[in-house]
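Secondary and tertiary structure notes
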Amino acid sequence: MPAIPPQPGSHPPATAARPGSPAPGRPPRRTAFAEGVERLRAAAVTEPGRLRTIGAVLALLVVAFGAVTAWQTSQRAAAADDVLHKSRPLSAAAADVYRALADANTAASSGFLAGGQETKASRDRYELDIRTAAAGLVTAAGSSDPGSPAAATITRLNRLLPEYKGLVERARTYNRQGFPVGGAYLRYANEKMQQQMLPAAEDLYTKENERLAADYADATPYPWAAIALGVVALAALGWAQHRHYRRTHRVLNHGLVAATTAATVVLLWLVVGHSVARADLDDSRENGVRSLNVLQDARIASLKARSNENLTLVARGAETTKDGKDLYDSSFRTDMAALDRSLAQARGLADDQAGAKPVVAAVGNMTEWNRRHDAARGQDESGEYQKALDGVIGAKGATGECFDSVDANLAAALAHEEKEFRQAAGDGLAAMGGLPWGAAALAVLAAATALIGIGRRLSEYR
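Cut-off values and rules
- Residues numbered from 1 in each chain as written.
- Predicted model: local features only at pLDDT ≥ 70, side-chain atom pairs only at ≥ 80, totals over all residues.
- Heavy atoms only, no water.
- Axes fitted to C-alpha atoms, helices over the stretch in contact; angles between N-to-C directions.
- Helix = DSSP H or I, 4+ residues; strand = E, 2+ residues; numbered from the N terminus.
- Parallel < 35°, antiparallel > 145°, perpendicular 65-115°, else oblique.
- Left-handed = near helix turned anticlockwise from the far one by under 90°.
- Contact = heavy atoms within 4.5 Å.
- Nonpolar A, V, L, I, M, F, W, Y, C, P; charged D, E, K, R; others polar.
- 1 Å grid on protein atoms, 1.4 Å probe; cavity = no way out; pocket = protein on both sides within 12 Å on 5 of 7 lines; lining within 4 Å.
- Points joined across faces, edges and corners; volume = space filled by probe spheres on them.
- Expected span 1.5 Å × (residues − 1).
- Salt bridge = Lys/Arg side-chain N within 4 Å of Asp/Glu carboxyl O.
- Buried < 20%, exposed > 50% of the residue type's maximum accessible area, 1.4 Å probe, protein only.
- Patch = residues over 30% accessible without salt bridge, like charges linked within 9 Å, V, L, I, M, F, W, Y side chains within 5 Å.
- Areas by Shrake-Rupley, 256 points an atom, 1.4 Å probe, with all protein chains shown as cover.

Let's talk about the packing of helix α8 (residues 327-349) against helix α9 (residues 353-381)
Two numbers describe how α8 lies on α9: the axes approach to 10 Å, and their chain directions differ by 165 degrees. Taken together, the axis directions place α8 and α9 in an arrangement best described as roughly antiparallel. Considering the relative orientation of α8 and α9, their crossing is left-handed. Contact residues: α8 offers Asp329, Phe332, Arg333, Met336, Leu339, Asp340, Leu343, Ala346 and Arg347, while α9 offers Val359, Val360, Ala362, Val363, Met366, Trp369, Asn370, His373, Asp374 and Arg377. The class makeup of the residues in the contact of α8 with α9 is 11 nonpolar, two polar and six charged.

What about the layout of surface pockets?
Approximately 840 Å³ is the volume attributed to the largest pocket. Of all the secondary-structure elements, those providing two or more residues to the lining of the largest pocket are α2 (47-114), α3 (120-143), α5 (181-219), α7 (254-315), α10 (385-393) and α11 (399-431). Here the lining of the largest pocket takes seven residues from α2, the largest share from any one element. Split into classes, the residues belonging to the lining of the largest pocket amount to 15 nonpolar, 13 polar and eight charged. Reported here for the second largest pocket is a volume of approximately 250 Å³. The wall of the second largest pocket is formed by 14 residues, among which Tyr98, Glu202, Asp297, Ile300 and Lys304 lie closest to the centre.

Here we look at α9
Side chains that are three or four residues apart share a direction in an α-helix, a result of its 3.6 residues per turn. End to end, α9 covers 42 Å across 29 residues, agreeing with the expected 42 Å (1.5 Å per residue, within 8%). Count one or two residues on from α9 and you reach Gly383, which has phi positive near 95 degrees.

Here's the deal with empty space enclosed by the protein
The gaps left among the atoms become clear once a water-sized probe is rolled over them. Evaluation of the coordinates by the stated rule reveals three cavities of 30 Å³ or more. Reported here for the largest cavity is a volume of approximately 90 Å³. Residue lining of the largest cavity: 13 residues in total, with Leu51, Ala240, Arg243, His244 and Arg457 positioned closest to the centre. Counting only elements with at least two residues in the lining of the largest cavity, the list comes to α2, α6 (224-248) and α12 (435-458). Of the residues that constitute the lining of the largest cavity, the class distribution is five nonpolar, four polar and four charged.

Points about the environment of Arg278
Tracing the sequence through the fold places Arg278 in helix α7. Residues Arg278 and Asp427, spaced 149 residues apart in sequence, show a C-alpha to C-alpha distance of 9.9 Å.

Structural notes on the environment of Ile154
Mapped onto the fold, Ile154 is located in helix α4 (residues 149-176). Spatially, the C-alpha atom of Ile154 lies 6.3 Å from that of Leu137, the residues being 17 residues apart in sequence. Look past the residues within four positions of Ile154 in its chain and what remains in contact with it is Leu137, Ala140, Ala141, Ser144 and Leu204.

Looking at the pattern of salt bridges
Under the counting rule described, the total for this entry stands at 25 salt bridges. One salt bridge connects Arg159 with Glu163, and the closest N-O pair in it is separated by 3.8 Å. A residue pair is termed a helical-turn pair when its members lie 3 or 4 positions apart in one helix, as Arg159 and Glu163 do in helix α4 at four residues. A relative accessible area of 45% means that Arg159 is categorised as partly exposed. Using a relative accessible area of 33% as the deciding quantity, one classes Glu163 as partly exposed. Close ionic contact of Arg172 with Glu169 constitutes a salt bridge, the shortest N to O distance being 3.4 Å. Note that Arg172 and Glu169 are positioned in helix α4 at a spacing of three residues, about one turn of the helix.

Some details on the packing of α7 against α8
Look at α7 against α8: their axes get within 8 Å of each other, and the N-to-C directions meet at 160 degrees. The orientation of α7 with respect to α8, classified from their angle, is roughly antiparallel. In this structure, the crossing between α7 and α8 has a hand that is left-handed. Taken together, the residues that form the contact of α7 with α8 break down as 15 nonpolar, seven polar and six charged.

Here's the deal with a nonpolar patch on the surface
On the surface, Val271, Val272 and Val276 cluster together to form a nonpolar patch covering roughly 210 Å² of accessible area. Counting through the fold element by element, Val271 comes out in helix α7. In this structure Val271 comes out as partly exposed when scored by relative accessible area, which is 31%.

Coordinates in, geometry out; function isn't part of it.
Written as structure tokens, this is what we have:
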């Protein structure tokens, strides 16, 4: 059939719509999320929308700056506090354990040489050293982690200490009865001290020094993340004020100026405070800890030298080196050479007259000690044992006087350097005092004033 052309006024037949499809001629319905995004996009291109975005970004930057500053400075302040109140005292306690053990060995050999005429002062000194070593081990045990190498070392020393004391008491008992076996017991006690106890104490001292170095490493680095965030926050605040000036021709926005001032104070406080703290901590390490370590080495060398000098007379040539020299006299000379080197280093590290004076006096005492020792050795080798004994432990003109003077001068130098360390480390800790909380408070203030400044500008559009 031929097609019928459309008639005037007629409409094309309607087609059936699919279920769920939009009606013909209507746009598809959008979701609520899409409509919200569209409204935000439309609002962001307006000046009020831009101001709200700028205010949110400024507040976020300033708060992040304050949070990172508080976090990094609190970590460094905690490490500086550990340097002053934990790791350095523990390092000193470990050094005291070593010194007490070495001095106990010296006092034991001196008392043995005196035999039945051992003085009460010598006996009391030995007992005090044993108690000091035991107390130092208790302190170190309280600060060590269970199962750590330091805890194992402390356990070993706690086991060896009563064994050593028992050997010394046997040596004294046999010596008072006139039995030569007492000398063998004393040499065995000295061997246990030199080969087992002192190396273990030195290992403990080394571990505590490593902990001290780790605390210094945590306390001194600059907080670069906080500094970078501070610079970015200040740059953003400066840009926002420049934009405000260009659009309104108003020179100042009080809220933004206050925020910039607060952020600047935080950044300057951070940089200057940490720089001062870093300088003080470095000073405490270079002029305090280094000098203390060298002086401790010198004191230990003098104690070992004195012990070997006494054992030279106890053994009376019973033990020799491979080249036929007396073993203990050879060890004495090695220890005196170490003492000489340590005193030279300590004199170079002394940064004032008060620190250098006792070191110089100790050098003079050491020189006289060597001279008297050579004289006593000459008497012993010529068969004058009693004169040699008087030259070592006698009441007047003996090497014991020189040793006591060296020890007293080194103790005075240690006390002076310890005072300087505490002063410098305390100043470093004080320079960071209040910075974490102050930075956080000022950052919150800066964020609030920045929002207030943007809010004043927004109010002009209402």
